[in-house]
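If you want the building blocks of each chain, they are given just below.
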Amino acid sequence: MRKKILLVDDEPNIVMTLEYAFKKQDYEVFIARDGSEALEIVNTSVPDVVLLDIMMPNVDGYQTLKHIKSKANLKNTKIVFLTAKNKSSDIEKGLQLGADKYLTKPFSVKKIVSEINDLLK
Amino acid sequence: MNNYILLGIIIAYLLVLFFIALKAEKNSKSKWVNNPYVYTLSLAVYCSAWTYYGSVGIAANSGINFLPIYLGPVIAAPLWIVLLRKIMRISKQHKISTIADFISLRYGNNRFLGALITIICLIGTIPYISLQLKAVSETFEIMSFGNGYISNGIWDDSTFYIAVLLAIFATFFGTQSTDASEKHRGIIASVAFESILKLVFFLIIGIYVTFYLFDGTTDIYNQISLTENFEQLTTFNSLESGFDWFFTIMLSFMIIFLLPRMFQVSVLENSREKHLKKAIWLFPLYLLIFNLFVIYIAWGGKISLGDTVNAEYFSLLLPLENGNTFLALLVFLGGFSAVISMVVISTLALSTMVSNNLIIPYGFLGKFLESHPERNAYYIKNIRRISIFTIIIFAYLFYIFFSMELSLFSIGLISFVIIAQLAPSFFIGLFWNRGSSKGVIIGIIVGIIVTTYTLILPFTMEALTGYTDFTTKGLFGIALLKPYHLFGIEILSPPVHAFFWSMLFNTLCYLIFSLTSKGNYRERNYAEMFVDSRNYATLQDSALVWKGEAYVADIKNVLVKFLGETRTKRALDLFFKKYNIPSDTQMADARLINFSEKLLTGSIGGASSKILIAGVVKEEEISLVEVLKILEESKETINRNKILREKSNELTEMTFQLKEVNDELLFKDKQKDEFLDTVAHELKTPITGIRAATELLMDEDGEMPSEIKAQFLKNILQDSDRLARLINNILEFEKLSTDRAYINIQKHNIQKTLKKAIGNMQHIAAKKQITLVNKNQFHFDLTYDEDKILQVLTNLIGNAIKFCEPQKGKITVDFKLGNKAVEFYVKDNGKGIPKEDIDYIFDKFYQSKNQNTIKPIGSGLGLAISKQIIEKHNGKIWVEKGTKVGTIFGFKLPFY
C-alpha cells in the first residue's frame, strides 16, 4: 500500500521540492498551506506521517499537533516537525509535545526522505 | 404645708432618684445612660441653687449682672473641643480622678501640691455646699410657712437630716468601686434627671409669672420701668460695671474647667470624646433657656412683693402669694434637685481628693502595705465614705455658724475666686512645659493670701461682727491697703477686685518661680507628656527619662495589695503583651514603673502611688544636665528616625523605579530576541527553498521533467530576490533607528510625490483589479525626504492592496492641510485590522494572523520602517480606530 504523507507549510517553494521528492518515492502526497487546512485534510484521509512547519499563519504547528494528537483515528500517524526554529529549547518543546522527530530548516531533501522512510519502517 | 408631708415628699423624691441611679448602675452599658444628652445634662450640675434662686435675687437687686456667670461657660464651650479633649485624654491615660490629681501630676506628682489643691478646693467648696443647704433650709421654711425647725438645734433641724440623706446617697453610689477613676453611672443618670427637672420647673414658674400673673413680657417691662432705679438695673451704667462684667466672664470661663464638680462630670464621667461635639452647643443652649425668665421673675417679684422679702426666693413666694401651693412645690423640688446634684457631685469629687491627696499619702500607706488587698479596698472605700460624711457635716456646720446671714450670690462668687487660684497652674501648665511645681505652690499660696486679705477677711468680718473700720480705712489705716480698694483701685466690685489682684499675683509668682527654678526631671517628664499630648500615644507608658532599677516581683507585690491577685496578673499580662516583653522578665523598666503608678493612681491617687512605687524602686537622681541630654538624644533619635524613614521611602521609590526600568529592559531584551529569531526565520525560509531546489536540480538532473526544472529555477530566483529585499530592509531599518543624518529633507510638491507613489503601485493594483484613487488634486509644497515618503506611501498602498479583495477593492489616497501639519490618508475597503492587532501593527515583523493571503509578501518590516521615517520627520503615523469598513492609515508631516 502506498504510504501517505501530509506536508504542512506556508512556503510554497519549499513544499514544491518536498512534494517532488516524496512523490518520487511513491508516497501519496497531501498538501496544506496552514494548520486549518491540514486539519480539514486529516478529517477525510489518515496520513502515515505529517511533516509540520511551526511558524504559520492562523493555526500554527503546535496547535495542529495537539489537534491531531487528540484524534483517536490518527493515533498511528507519525508527526515530524520541520521548522527553522532550531534552538535546543524549541526542539525540546517540540518533542515534549509528542512529535516523533524534529528536523530543522534549511534541510537536505535526501536526508528528510531517508528520515521519514526510517520512521515508517 | 405641713412639714412632715414636705419631708415625706422629699424622701419620696430621693427614692425616685435612688431608683434611677440604681437602674443606671445596673444597665451601665445601656444607650440610655451613655449618650451625649446625658453627658450634657450632667454638665448642667453647674446650675446649682445659686442659679435657681440666686440669679433672681441679683436680677432684682442689680439687674442683668447675673448673666456674666453664664457667659463665661458659653464662651468656653466651643473651646472644649480642643481644651477639654486634651484634658480628657491625659486624664484617661493616667487614670486621673480629680483636678488635684491632674494638676499635681502635671507638676511631677508632687504630694504637697496635691494636698494644697485639695485644701483650696475644700475651702472653696464647703461654703458653697453650705450655701446649698441654706437654700434647702430656707425654701423648706418658706414652704412650711415658717414652721420649719431651723434654729431649734441640730437634732431638730430638718436640713440636717436632708444633709445626711444626701451623704448616704453620695456614699452609696459614689464608692461602688475602689478605683475612683471609674465612672459613676448611677449618680450621673440621676444628675441628668435632676437637670431636666430643674430646667422644666424653672421654665414653668417663669411662664407662670410672665404670662399668668402678668400679661406677658411687655406688661412686666412697662410696670417695672416705672420704678425709680430702673435705668440702673438694665444697662451698663459705667466703665466700672464693664470691667466687672469682663472679669466675671473671665472668672466663670476658668471656673467651668476648675470646679471640682465640673471636672468630675466633664472629664471623669465622660464616656466618649465625641459626646463633646453635642455638648458644645447643647450646654450653652441649656444655660440660655435657664436664664430666659430670670429677669421677668425678678421684676414680677419686685412689682408684686416689693423689697420686703428676700428677692432670691421670688420664684417660690410668687406662687405661694397667689395661693398656688402645688406650683410652689414644683419650684421647691426643682431647687432641691439643683441642690442635690451639686452637693452629691461636689462631695464625691472632694472625698476622692481628700482620701487620695490628704489622708492616704499622709499616713495610711504603711498600713496598706502590710494588709490584704480585700482589706485595703475596704479601707479605701471607708476613707472615702467618711470623707463624704465629714464634708457634708462640715458644710452643715459652716451653714449653721456662718452662712445664715450671707446671700447665695456673694458666697458663690467668693468660692469661685478661691477655686480660680488653680487657673494659672492648670491652663498655662497645659501649654508651657517650663511651668514648675515651685512656681505653682508659691503662686497658689500668694493668690490665696491676696484673696483672703481682699475678700474673705473683710467679708466675714463685716458679716459677722459688723466691724467696718478695716474695710473703710485699710490695714493700720493705710488707704492703699484698703482690702476692697487695694492700691487705690476703686472701680471694681469686691469679688472682681479680689479676683483681679489674686490672679495677677498668682500668675506672676507662677511665671517668675517657674523660670527661676528648673524643677526635677520627674516634673519635666510629666510636663512634656501633658504639653505634648499630640504625641500622646507614643508617650503613654514610657517615661521620657528614668534611671534606676526595680524588680518586677516587688512592683507586683505592691500592685497586689491594692488590685488583688487576679487584676494584677491580668494588667501585667496585658502590659507584657503590649510591649512584647517576656513575662518572666526580672528587671522592671521605665514603662512598667509608669504603668504601675497609673494602675494605682485610680485607687489611691497619684501622690500615693508614686510614693508606693518609689518604695520598691532604687531610683537614681538624675541631674538636669543628664535629663536635657537624654531629652536631646531622644529628639535626635526622632530626627534620625525621620531621616531614616525619608531615606527608606526614597529607597522604596527608587527600587520601584529600578524595577520598572528593569522590566522595560527585560521587555526590550525579549523583543530583541524575538526580533533576531524572526530575522533568522525570515532569512532561513528563502535559503531553505534555494537549498532544497538546488539539491534536487543537481541530483535529479537527468530524470527531472523540464517544466519542473524551470519552476525550481524560477523559485530559486524568487527566493534570492526575497533574500536581497529582506537584507535591504533590515539594513534600512537599522540605519533609520541609528543614523540621524540618514534623511535628506528638501522642498517638494506633495501632489507630485503622491502621483509618483500611485504610479508605482498602479500595475500591482491593476493585477488584482483594485481601484486606486487620488482624491485631493491640490498642489502644495512641503519639505521632506521624497524617497522616504514615497517608501511610506508605497508601503501603505501595498498593504492596502494586500488586504483588499480582488475586483471589489478600492483604495483612496488623500491629504488635507492642518494648522501646523499636512495629514495624509490611505483608505481601503478591505477586511480591516482586528482590534487586538491595532496596537502592534507598527512593531517589527508583526504580521496579522488574519491576513487575506496565506503568506504576505513582505518582510514584516514595512510599517515599522514607515513609522521610523515619519518620526524622523517629526511627524506621526497612526491607524484610525473604530472604522466600520476597511482600514484608514494616516500620517502627518509638520510644516517647517
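Residues numbered from 1 in each chain as written. Chains lettered and ligands numbered in written order. Predicted model: local features only at pLDDT ≥ 70, side-chain atom pairs only at ≥ 80, totals over all residues.

Our next topic: the overall build of chain B. Secondary structure assignment for chain B yields 34 helices and 9 strands. In chain B, which comprises 896 residues, the share counted as buried stands at 45%. A sequence separation of at least 24 residues applies to 81% of the contacts in chain B between residues at least 6 apart. (Helix = DSSP H or I, 4+ residues; strand = E, 2+ residues; numbered from the N terminus. Buried ≥ 20, exposed ≤ 12 C-beta atoms within 10 Å, placed from the backbone. Contact = placed C-beta atoms within 7 Å.)

Time to look at the pairing of strand 6 (residues 810–817) of chain B. All names here are of chain B. With 4 bridges joining them, strand 4 (residues 771–774) and strand 6 adopt parallel strand pairing. Across the sheet, Thr771 pairs through a bridge with Lys810, a residue of strand 6. Where strand 6 and strand 7 (residues 821–828) come together, 7 bridges link them in antiparallel fashion. The partner of Thr812 across the bridge, within strand 7, is Lys827. (Pairing = 2+ DSSP bridges.)

Attention now goes to the interface of chain A and chain B. Contacts between the two partners involve 19 residues from chain A and, on the opposite side, 21 residues from chain B. Of the residues forming the side of chain A that touches chain B, the biggest block, 6 residues, is contributed by helix 1 (residues 12–24) of chain A. Here the side of chain A that touches chain B is built from residues that sort into 10 nonpolar, 4 polar and 5 charged. (Nonpolar A, V, L, I, M, F, W, Y, C, P; charged D, E, K, R; others polar.)

What follows deals with the environment of Glu734 of chain B. Topologically, Glu734 of chain B is positioned in helix 30 (residues 706–738). Under the C-beta neighbour-count criterion, Glu734 of chain B is labelled exposed, with 11 such atoms within 10 Å.

Attention now moves to the confidence of the model for chain B. Residue and element names in this part refer to chain B. Per-residue confidence for chain B gives a mean pLDDT of 80, with 84% of residues at or over 70. Note that pLDDT drops below 50 for residues 147–151; the model gives that stretch 12 contacts with residues more than four away or on any other chain. Scored as a complex, the prediction yields pTM 0.58 and ipTM 0.93. (pLDDT = per-residue confidence, 0-100.)

This part takes up the sheet that holds strand 2 (residues 28–32) of chain A. All names here are of chain A. Spatial strand order, 2-1-3-4-5: 5 strands in an open sheet with parallel pairing. The open sheet has two edge strands, strand 2 and strand 5 (101–104), and neither has a second partner. The average undirected angle you get between the axes of adjacent strands in this sheet is 20°. (Axes fitted to C-alpha atoms, helices over the stretch in contact; angles between N-to-C directions.)

Residue and element names in this part refer to chain B. Residues Leu166, Leu258, Ala298, Val417, Ile419, Ala420 and Leu422 are the most contacted members of the largest nonpolar core, which totals 190 residues. In terms of residue count, helix 17 (residues 325–370) provides more of this core than any other element does, 20 residues in total. Each of domain 1 (3–20 + 37–420) and domain 2 (541–619) contributes no fewer than three residues to this core. Ignoring sequence-local partners within four residues, the contact set of Leu258 consists of Ile99, Ile419, Ala420, Leu422, Ala423 and Phe426. (Core = buried A, V, L, I, M, F, W, Y, C linked by C-beta atoms within 7 Å. Domains from an automatic or database assignment.)

All names here are of chain A. Across 5 bridges, the pairing between strand 1 (residues 4–8) and strand 2 is parallel. For Leu6, the partnering residue across the bridge sits in strand 2 and is Phe30. Considered for its hand, the β-α-β crossover made up of strand 1, helix 1 and strand 2 is right-handed. (Right-handed = clockwise from strand over helix to strand, strands pointing away.)

Residue and element names in this part refer to chain B. Put simply, helix 2 (residues 36–43) and helix 9 (residues 185–213) touch, their axes get as near as 8 Å, and they point 70° apart. On the basis of the axis angle, helix 2 is roughly perpendicular to helix 9. Between helix 2 and helix 9, the residues in contact are Val38, Leu41 and Ser42 and Ile188, Ala189, Val191, Ala192, Ser195 and Ile196, respectively. Its residues assigned to classes, the contact of helix 2 with helix 9 comprises 7 nonpolar, 2 polar and no charged. (Parallel < 35°, antiparallel > 145°, perpendicular 65-115°, else oblique.)

We now examine unusual backbone geometry. The residue after Lys105 of chain A, namely Pro106 of chain A, is reached through a cis peptide bond having omega -10°. Take Pro106 of chain A: it is sitting in the loop between strand 5 and helix 5 (109–120). Positive phi, normally seen in glycine, also occurs at Asp26 of chain A, with a value near 70°. Along the polypeptide, Asp26 of chain A turns up in the loop between helix 1 and strand 2. In this structure Asp26 of chain A comes out as exposed when scored by C-beta crowding, with 8 C-beta atoms within 10 Å. Positive phi outside glycine occurs at Asn874 of chain B, with the angle close to 60°. For Asn874 of chain B, a count of 11 C-beta atoms within 10 Å gives the class exposed.

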